[in-house]
Structures are given as C-alpha cells and as structure tokens.
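Commentary on secondary and tertiary structure
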Amino acid sequence: MTEQRRAAAALEFLAASEREFAAGDEAQGSEKLWGAASQAVIAVAQRRGWKYGSHRDLKIAAVRLAEEQSDSEIASGFAIAEKFHANFYHLFMEDYELERDPEMVRNFVNRVLALLN
C-alpha cells in the first residue's frame, strides 16, 4: 500500500472511531484510533525508508519523529494511541480518558500526516 493510501486510511480510521464511540462501542472506537495512529506512522516511515513491519518498529519510528521534529507531543501521542490499542482487548480506560484522549490521538495523526507534505 502506498504512503498516500496509508494516509487516507489513517483519516478513514479517525472518522470510523468517532462513529464507533458515538454508537457506544468503546472497543471498536479504541481500535480504530490505534489504526489511525499506526497508519499515519507507517505512511511517514515508508516515505523515509524506515522499518514499519512490527509494533516495535512503529514505536521506534514515532520516537525518531519526535526527536527529529523536537516535538515531544509526537511521542506522547503515540503512547496514548497504544493505550487505546490495549483498551480494545481489556476495556480498562476510564470515562474521562475516553472523553479526553481521542482528541490527543487525532492531533497526533494530523501532526504526523503533516510531515508527508
């Protein structure tokens, strides 16, 4: 899949997460946020020729981007996305996190995708 398609998929996952949360499906909303974040990182990693085949590769790429951009919010945004990924399996997040944290992941995705321009 091309980086442009990955970027489009990231945006599609963001929209889907909003629909899932609005419908009351915390698990699917959470996983769609993770999907958006991971697709955004993959798109940028593809562009830069970085590895992206594993969760660890994505984490390393996110940290590299944060360091490269001198933007600690990129690293923290990825960490929040990882929390949503775990929430898909364990549904441990509190209501206040489910209300507050999706915006942080949306900001992360948009920040990362802006690096494609």
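Quick caveat, the model's predicted, so the values are computed rather than measured. (Residues numbered from 1 in each chain as written. Predicted model: local features only at pLDDT ≥ 70, side-chain atom pairs only at ≥ 80, totals over all residues. Heavy atoms only, no water.)

Before going further, it helps to examine helix 1 (residues 3-22). Each full turn of the α-helix corresponds to 3.6 residues, which orients residues three or four apart in the same direction. Taking 1.5 Å of rise per residue, 20 residues should cover 28 Å, and helix 1 covers 29 Å from first to last C-alpha, within 8% of that figure. For helix 1, the full list of buried residues reads Glu3, Arg6, Ala7, Ala9, Ala10, Leu14, Ala16 and Ser17. Where helix 1 is buried, its residues touch helix 2 (26-48) and helix 5 (95-114). (Helix = DSSP H or I, 4+ residues; strand = E, 2+ residues; numbered from the N terminus. Expected span 1.5 Å × (residues − 1). Buried < 20%, exposed > 50% of the residue type's maximum accessible area, 1.4 Å probe, protein only. Contact = heavy atoms within 4.5 Å.)

The next subject is the pattern of salt bridges. Under the defined criterion, the tally for this structure stands at 11 salt bridges. As a salt-bridge pair, Arg47 and Glu3 come within 2.3 Å of each other at their nearest N and O atoms. Linking Arg47 in helix 2 with Glu3 in helix 1, this pair joins segments that are 44 residues apart in sequence. Judged by its relative accessible area of 41%, Arg47 is partly exposed. Between Asp101 and Lys83 there is a salt bridge whose closest N-O contact spans 2.8 Å. Of this pair, Asp101 sits in helix 5 while Lys83 sits in helix 4 (residues 72-90), and the two are 18 residues apart along the sequence. Taking the relative accessible area as the measure of exposure, Asp101 reaches 1% and is therefore buried. Classification of Lys83 by relative accessible area gives partly exposed; the value is 22%. A single network of salt bridges, built from pairs that share partners, joins Lys83, Glu97, Arg100 and Asp101. (Salt bridge = Lys/Arg side-chain N within 4 Å of Asp/Glu carboxyl O.)

This part takes up the side chain of Ser30. Relative to the helices and strands, Ser30 resides in helix 2. Residue classification places Ser30 among the buried positions, given a relative accessible area of 0%. In terms of polar contacts, Ser30 uses its side chain to reach the side chain of Asn87, at 2.9 Å. Discounting chain neighbours no more than four positions away, the residues touching Ser30 are Phe21, Phe84, Asn87, Phe88 and Leu98. (Polar contact = N/O pair within 3.5 Å; in protein donor to acceptor, adjacent residues only side chain to side chain.)

With that out of the way, let us pick up the packing of helix 1 against helix 5. The geometry of helix 1 relative to helix 5 is characterised by a closest axis approach of 11 Å and an angle of 170° between their N-to-C directions. As judged from the angle between their axes, helix 1 and helix 5 are roughly antiparallel. Like other packed secondary-structure pairs, helix 1 and helix 5 cross with a definite hand, here left-handed. Contacts from Ala7, Ala10, Leu11, Leu14, Glu18 and Phe21 in helix 1 reach Leu98, Pro102, Arg106, Val109, Asn110 and Leu113 in helix 5. Of the residues in the contact of helix 1 with helix 5, the class split is 9 nonpolar, 1 polar and 2 charged. (Axes fitted to C-alpha atoms, helices over the stretch in contact; angles between N-to-C directions. Parallel < 35°, antiparallel > 145°, perpendicular 65-115°, else oblique. Left-handed = near helix turned anticlockwise from the far one by under 90°. Nonpolar A, V, L, I, M, F, W, Y, C, P; charged D, E, K, R; others polar.)

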